2 protein chains.
Amino acid sequence: MSTSRKSVADERSGYHHGNLREALLEHGLALLEEKGESQFSLRELARRVGVTANAVYRHFSSKDVLLMGLAAEGMRQFTASQASAWGVTRGNVAEKFLASGCAYVRFARNNPALFRLMFGRFIVEHRSEELEHESRQAFAGLTTAVAATLGVPEDSGDISGAVNAAWAVVHGFSHLILDGQIHGSDEELDATVASALGHWLVSN
Amino acid sequence: MSTSRKSVADERSGYHHGNLREALLEHGLALLEEKGESQFSLRELARRVGVTANAVYRHFSSKDVLLMGLAAEGMRQFTASQASAWGVTRGNVAEKFLASGCAYVRFARNNPALFRLMFGRFIVEHRSEELEHESRQAFAGLTTAVAATLGVPEDSGDISGAVNAAWAVVHGFSHLILDGQIHGSDEELDATVASALGHWLVSN
DNA sequence: TCTCGATGTTGACATTGTGTACATTCGCTC
DNA sequence: GAGCGAATGTACACAATGTCAACATCGAGA
């Protein structure tokens, strides 16, 4: 995984790229983390993929739409990582729940710019079908997790307060860590998050 | 306050503006909320203030430094609002604490772009003396509040975990609300935040 | 094989951040 | 006051960016 093997999206066979959209998303994610959203340049991305700037417009109607595509792609990876943390963890629901919370924060740490993009102004301003869908998926997963952890039916009326609070904890930790307000190794931060979520558990 | 009375920073008496720095900060905050960070343009700000783009460079050595100035200004307003919420609230420390938490979230709601700027990549990347100072002030206030609320000395070793958790809750709610993931009126959101912080209180 | 739709390219334009050189004004010393 | 230096604005220029319109090239189906 550490060898920079060329991915499928990379080969080009002449005038036509063949996989431009995938290549743009793939290199786009890399460029995003490298430069940050504010320095993310459509033209530079095109250069890296080996294509003219305007070629991008065949697949994304504007830079913002491109960024939304990246956000949606990020959402997919995010929900996958959440589901994985839940499924992989051995133990009772409470342990699975804590593991999911830690995975949430770890995702943010590993993809700072992407995380900020996913949960940034984009979700507010341009709500694309695609992103909306992915976003709903993530929230549904969270609700399921909380319901299972608390041993309450999912459609229980007042569960949303508990969901929001738990979400706020992991989301807040994620942002504070990204912003450099809280420091520590992966393990230390896992412990911090787990401790806070533990307190949340016993009081609900 | 609702009449658009010209502020001190606005009058210009000829070639020299007289108050360019203040005017830039003042209109800068407005422009920031209006356009969002990504669409914030140094040239447009200069235009609004009635000055050439390069005049800005006499007071801020780059656009980023300008934005840092705005963030620092925001931090000042933020710490003031926090202190005010704490001081104004009648009742015991717990009530003051809850009020501060709600004020935190309200500040975010009232200044979305500024909030994101203040607690965004800037604090990580360019740590200016000024911003660092304001940031420390805010954190110190929070620690004091938590210590007073829990009835523990401020230098108590393991208080930092509690501080971080409380911070994460209000910070997380703030971001979730800004990102449109949680909706509601000011009052509803106050109730949500207070409820979550209440749970935090009883488990600490 | 011809054609048409999909995909890339060229050239152009307005806007942006910023560097360099010049103009204007304020405040201090004589 | 007169004059000078520092502070503050302006004029001009440049490269980079997002985006538009017109053109080129390819691949698949008639």
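On a predicted model such as this, the values are computed, not experimentally measured, just so you know. (Residues numbered from 1 in each chain as written. Chains lettered and ligands numbered in written order. Predicted model: local features only at pLDDT ≥ 70, side-chain atom pairs only at ≥ 80, totals over all residues. Heavy atoms only, no water.)

This part is about the domain arrangement of chain A. Residues and elements named next belong to chain A. Splitting chain A by domain gives domain 1 (8-58) and domain 2 (63-202). The C-alpha centroid of domain 2 is placed 28 Å from the C-alpha centroid of domain 1. Tallying the contact residues gives 12 residues for domain 1 and 14 residues for domain 2. Here domain 1 and domain 2 share an interface that buries about 1200 Å² over both sides, 72% of which is from carbon and sulfur atoms. Taken as a group, Leu 29, Glu 33 and Glu 37 account for 43% of the area that domain 1 buries against domain 2, more than any other trio of residues on that side. Summed over the shared surface of domain 1 and domain 2, the number is 0 salt bridges. In this structure, the connection of domain 1 to domain 2 is made through 3 residue pairs in polar contact (both at pLDDT 80 or more). Contributing elements (two or more residues each) for the side of domain 1 that touches domain 2: helix H1 (20-35) and helix H2 (42-49). The leading source of residues in the side of domain 1 that touches domain 2 is H1, at 6 residues. Among the residues making up the side of domain 1 that touches domain 2, the classes are represented as 8 nonpolar, 2 polar and 2 charged. (Domains from an automatic or database assignment. Contact = heavy atoms within 4.5 Å. Buried area = accessible area lost by both parts, 1.4 Å probe. Salt bridge = Lys/Arg side-chain N within 4 Å of Asp/Glu carboxyl O. Polar contact = N/O pair within 3.5 Å; in protein donor to acceptor, adjacent residues only side chain to side chain. Helix = DSSP H or I, 4+ residues; strand = E, 2+ residues; numbered from the N terminus. Nonpolar A, V, L, I, M, F, W, Y, C, P; charged D, E, K, R; others polar.)

Right, let's get into helix H4 (residues 93-110) of chain B. In a regular helix each residue adds 1.5 Å, so 18 residues correspond to 26 Å; H4(B) covers 25 Å between its end C-alpha atoms and thus fits that length. Among all positions of H4(B), only Lys96(B), Phe97(B), Ala99(B), Ser100(B), Gly101(B), Cys102(B), Ala103(B), Tyr104(B), Val105(B), Phe107(B) and Ala108(B) are buried. (Expected span 1.5 Å × (residues − 1). Buried < 20%, exposed > 50% of the residue type's maximum accessible area, 1.4 Å probe, protein only.)

What follows deals with the relation of the copies chain B and chain A. Superposing chain B onto chain A takes a rotation of 180° combined with a translation of 0.0 Å along the rotation axis, leaving an RMSD of 0.0 Å. Each copy turns onto its partner about a two-fold axis. Taking C-alpha positions as reference, the residue of chain B nearest the rotation axis is Gly172(B), located at 1.7 Å. With an isologous cut-off of 70% or more, the 100% of interface residues of chain B that recur at the interface of chain A puts this contact in the isologous class. (Least-squares fit on C-alpha atoms with pLDDT ≥ 70 in both.)

Taken as a whole, this structure holds 16 aromatic pairs over all chains when the rule is applied. Geometrically, the ring pair formed by Phe139(A) and Trp167(A) is tilted, given 5.2 Å between the ring centres and 50° between the ring planes. Of the two residues, Phe139(A) is situated in helix H7 (residues 129-150) and Trp167(A) in helix H8 (residues 159-178); the sequence distance between them amounts to 28 residues. Taking 6.2 Å as the distance between ring centres and 75° as the angle between the ring planes, the aromatic pair formed by Tyr104(B) and Phe115(B) counts as edge-to-face. On the criterion of sequence distance, the pair formed by Tyr104(B) in helix H4 and Phe115(B) in helix H5 (residues 112-118) is long-range, its members being 11 residues apart. Judged by relative accessible area, which is 0%, Phe115(B) ranks as buried. (Phe/Tyr/Trp six-rings, centres within 6.5 Å; stacked < 30°, edge-to-face > 60°.)

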